[in-house]
Amino acid sequence: MVAKGFVRQRSMSQLPQPNTDVLITGDALSSNQIIGVARHNARVSLSNSAMQRIQAARAIIETIAAQGHKIYGVTTGFGHLSSVRIPQEQLITLQHNLLRSHAAGVGEVLSEEVTRAMMILLAASLARGNSGVRVELVQLLIAMLNAQVHPLVPSRGSVGASGDLAPLAHLALVLIGEGEALWRGQHFSGVAALHQVGLAPLCLQAKEGLALINGTHLMEAIAILALADAQVLVRSAEVACAMSLEGMMGSHAPLDARIHRRRGQHGQLVTAARLRSLVSDSEIQKSHENCSRVQDPYTLRCAPQVIGAVRDALDYCAQIFERELNAVTDNPLVFPAEGEVLSGGNFHGQPLALALDMLGIALTQLASFSERRIYSLMGPHEWDIGGAPLFLTPNAGLNSGFMITQYVAAALVNEIKILAHPASIDSIPTSAGMEDFVSMGVTSAHKVQRILEMARQVIAIELLCAAQMLEFRKPLQPGKGVQLAYKLVRSYVPMLDHDRVLAPDIALLTQAVKEGAFATID
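Because the structure is a prediction, the values reported are computed rather than measured.

A.B. asks: Please clarify how the overall build of the protein chain should be interpreted in this entry.
C.D. replies: A tally of regular secondary structure across the protein chain gives 19 helices and nine strands. Based on the C-alpha atoms only, the size of the protein chain along its principal axes is roughly 90 × 45 × 40 Å. Looking at the protein chain as a whole, 55% of its 522 residues qualify as buried. Within the protein chain, counting contacts between residues at least 6 apart in sequence, those at least 24 apart form 79% of the total. Summed over all atoms, the accessible surface of the protein chain reaches about 21,400 Å², with 54% contributed by carbon and sulfur. Averaging the positions of the 41 positive and the 44 negative side-chain charges in the protein chain gives two centres separated by 5 Å.

A.B. asks: Sorry, what's going on with the nonpolar core here?
C.D. replies: Burial of nonpolar side chains together is a common tendency in soluble globular proteins. If you look at the biggest cluster of nonpolar residues, it comprises 164 residues, and the most contacted ones within it are Met243, Phe321 and Phe518. If one sorts the elements of this core by residue count, helix H9 (residues 217-247) sits on top with 20 residues. Not counting chain neighbours up to four residues away, the residues in contact with Phe518 comprise Ser236, Val239, Arg274, Leu463, Ala485, Leu488, Val489, Leu509, Ala512 and Val513.

A.B. asks: What is the right way to read the state of the cysteines from this model?
C.D. replies: One way to say it: the disulfide is the covalent bond shared by the sulfur atoms of two cysteines. The full count for this structure, using the stated rule, is zero disulfides. Between Cys291, a free cysteine, and Cys302, which holds the nearest cysteine sulfur, the sulfur-to-sulfur gap is 17 Å. Since its relative accessible area comes to 35%, Cys291 is described here as partly exposed. With no disulfide of its own, Cys465 lies closest to Cys241 among cysteine sulfurs, the gap being 14 Å.

A.B. asks: Would you take a moment to explain helix H6 (residues 165-173) for this structure?
C.D. replies: Three- or four-residue spacings in an α-helix give side chains the same orientation, since the helix completes a turn every 3.6 residues. Burial of H6 is extensive: nine of the nine residues sit out of reach of the surface. Along H6, the residues that are buried comprise Leu165, Ala166, Pro167, Leu168, Ala169, His170, Leu171, Ala172 and Leu173.

A.B. asks: Help me understand the pairing of strand E7 (residues 186-189) in this model?
C.D. replies: Within a regular strand, side chains alternate between the sheet's two faces. Pairing of strand E6 (residues 180-183) with E7 involves four bridges; the strand directions are antiparallel. Residue pairing for E7: Glu180 is matched across the bridge by Ser189. Linking E6 back to E7 in an antiparallel pair, the connection comprises two residues, with Arg184 at a positive phi of about 50 degrees.

A.B. asks: Help me understand the side chain of Ser376, please; the structure alone is not making it clear to me.
C.D. replies: Within the secondary structure, Ser376 sits in helix H15 (residues 350-377). Residue Ser376 is classed as buried on the basis of its relative accessible area of 16%. Ser376 has contacts with Met248 and His381, leaving out every residue within four places of it along the chain.

A.B. asks: Before we go on, may I ask you to explain the sheet that holds E6 in this structure?
C.D. replies: In sheet architecture, strand pairing relies on hydrogen bonds along the backbone and comes in two forms, parallel and antiparallel. Read from one edge of the open sheet, three strands run E4-E6-E7, paired in antiparallel fashion. Looking at which strands have only one partner, the edges of the open sheet turn out to be strand E4 (149-151) and E7. Sheet twist, expressed as the average angle between the axes of neighbouring strands with direction ignored, equals 35 degrees.

A.B. asks: Would you mind going over the environment of Tyr298 with me for this structure?
C.D. replies: In this fold, Tyr298 is placed in helix H13 (residues 298-301). In this structure Tyr298 comes out as exposed when scored by relative accessible area, which is 57%. Along the sequence, Tyr298 and Met358 sit 60 residues apart, while their C-alpha atoms lie 23 Å from each other. With residues near it in sequence (within four places) discarded, Tyr298 still touches Ala303 and Phe369.

A.B. asks: I would appreciate a short explanation of the environment of Gly433 in the present structure.
C.D. replies: Tracing the sequence through the fold places Gly433 in the loop between helix H16 (403-419) and helix H17 (441-471). C-alpha separation for the pair Gly433 and Gly79, spaced 354 residues apart in sequence, amounts to 9.3 Å.

A.B. asks: Sorry if this is basic, but what is going on with the pattern of salt bridges here?
C.D. replies: Oppositely charged side chains may form a pair once their charged atoms are brought near each other. All told, the structure shown has 24 salt bridges when counted by the stated rule. Across the pair Arg274 and Glu238 runs a salt bridge, and its minimum N-O distance is 2.7 Å. In this pair, Arg274 is assigned in helix H11 (residues 266-278) and Glu238 in helix H9, connecting sequence segments 36 residues apart. With respect to burial, Arg274 and Glu238 carry one shared label: buried. One salt bridge connects Glu462 with Arg373, and the closest N-O pair in it is separated by 2.6 Å. One end of the pair, Glu462, is in helix H17; the other, Arg373, is in helix H15, and 89 residues separate them in sequence. Sharing partners across several salt bridges, the network here consists of Arg235, Glu238, Arg274, Arg311 and Asp522.

A.B. asks: Help me out: how do you make sense of the packing of aromatic side chains in this one?
C.D. replies: Aromatic ring pairs: the centre-centre distance and the angle between the two ring planes describe each pair. Applying the stated criterion across every chain yields a total of two aromatic pairs. For the ring pair Tyr72 and Phe78, a centre distance of 6.3 Å and an interplane angle of 90 degrees mean the geometry is edge-to-face. The exposure class of Phe78 is buried, given its relative accessible area of 16%. Residues Trp183 and Phe188 carry aromatic rings whose centres are separated by 6.3 Å and whose planes lie at 55 degrees to one another, so their mutual orientation is tilted. Overall, the relative accessible area of 10% leaves Trp183 in the buried class. The class for Phe188 is buried, based on a relative accessible area of 15%.

A.B. asks: Looking at this structure, I do not really get the environment of His187. What am I missing?
C.D. replies: Mapping His187 onto the fold places it in strand E7. Residue His187 is classed as partly exposed on the basis of its relative accessible area, which comes to 49%. The sequence separation of His187 and Pro151 amounts to 36 residues, and the corresponding C-alpha distance is 9.7 Å. The residues touching His187, leaving out its near neighbours within four places in the chain, are Leu152, Glu180, Ala181 and Leu182. One polar contact links His187 to Glu180, side chain to side chain, over a distance of 2.7 Å.

A.B. asks: What is the right way to read the packing of helix H2 (residues 48-67) against helix H5 (residues 135-147) from this model?
C.D. replies: Two quantities define a packed helix pair, namely the angle between the axes and the distance from one axis to the other. In the contact formed by H2 and H5, the axes pass within 9 Å of each other and the chain directions differ by 135 degrees. Considering their axes alone, H2 and H5 lie oblique with respect to each other. From H2, Met51, Ile54 and Gln55 reach across to H5, where they touch Val135, Val138 and Gln139. The class makeup of the residues in the contact of H2 with H5 is four nonpolar, two polar and no charged.

Definitions and limits used
Residues numbered from 1 in each chain as written. Predicted model: local features only at pLDDT ≥ 70, side-chain atom pairs only at ≥ 80, totals over all residues. Heavy atoms only, no water. Helix = DSSP H or I, 4+ residues; strand = E, 2+ residues; numbered from the N terminus. Buried < 20%, exposed > 50% of the residue type's maximum accessible area, 1.4 Å probe, protein only. Contact = heavy atoms within 4.5 Å. Areas by Shrake-Rupley, 256 points an atom, 1.4 Å probe, with all protein chains shown as cover. Lys, Arg positive; Asp, Glu negative; His and termini not counted. Charge placed at Lys NZ, Arg CZ, Asp CG, Glu CD. Core = buried A, V, L, I, M, F, W, Y, C linked by side-chain atoms within 4.5 Å. Disulfide = S-S within 2.5 Å. Pairing = 2+ DSSP bridges. Axes fitted to C-alpha atoms, helices over the stretch in contact; angles between N-to-C directions. Salt bridge = Lys/Arg side-chain N within 4 Å of Asp/Glu carboxyl O. Phe/Tyr/Trp six-rings, centres within 6.5 Å; stacked < 30°, edge-to-face > 60°. Polar contact = N/O pair within 3.5 Å; in protein donor to acceptor, adjacent residues only side chain to side chain. Parallel < 35°, antiparallel > 145°, perpendicular 65-115°, else oblique. Nonpolar A, V, L, I, M, F, W, Y, C, P; charged D, E, K, R; others polar.

What follows is the structure, given as structure tokens:
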């Protein structure tokens, strides 16, 4: 349903996409470039300068392999087996065995967009010239992206320490003609998928298998996509909050810029300014300027402080995730200028794991804050005599109205709170104690995805209920931004004048929130 005389605002994901071709140069990619490849199938190419970087590092590895020097993962086994020397004639077999043995993942497969984000992150990391692979390997990875050959990658199996080993092994199998892949929605063996698009599998050389799986690319893929979605959700939550503030006839005084300048927290200042804009020129506000209420509940009065803190948490996460976009996270690393190969621990996911857990906690606060306003919207309020009826429905009793939407929000928030428990505070040692402290960052990443999904549903419920509350404030008009939000809600769902099934309404608004329809309102 589209309200008469109203055209829906174009959502963020529906806005025209610029020319998003991505050139891998060996330098950092941007979050927007990763999203362009993951969600919009932007084409990828490899620059000449990146090829030169790759070739310089490869020359070092080929020299070491030929001379038989002891280098981890090149002429030795892996993990606790690093003390085992591998003879020259078995170096190629070693790399293929690594992929096969480590492809032990379980669970549902990763989404297409996460898989594509992993692939572009892996290609960009290898192109920085510290991994020692051949140019042909990076070119095949890019060709698979451009042909939309997507490896089937089980989602569970990484402890987020020595790289995302199991998931990346499943991805890498397709490059050697093994494993499984999707192409144009059809399921193929790895080699068959390559043949469908005119590509041939590679025979790995020294160190290449290790370089393919020793990285944080699954954690980072989910992190970049989730952060973008979280930023949209925060802006949507501010709109929902402004609608509730107007619907419940809350005071605008706590939004006064002078209050927020005296604290100076950045996110708080941004949220307060946006809320002021959304509720500006409100007839509802003018109608109760001299009412007897002194203060509103925290979920209205402290909205800039709480939602602003979520904004600040997202800023912290953005710093961590964006630094990782310029990282090389496999091991050992090749430094061509010095002619050295150094073994370290850049594959450890702790920086990402902590930030992903912080992101989950911040989104939990956002959803929990929204649910309390949903509860308040249900009424009754002693100050609202003759205003909104209990559960926002005419003829309450015969109709239950929005009663159960608050139950649903409460159930969602309960589950979200359980998921907010940090995975990164746990460690289960692996590889016979060699990997004695791990990040569990992929668990953190998977949790964030689920939290995001449910938090969107909570915000959608608030939008639905707040729009209904505004019906009972007519003919008074809310602030200009809230008016736009109200009309947008009504373009998806009508006013509730008698009981109906509300699940489709919630689903429609959840999808609108996901697409960024409300995030563009100011």
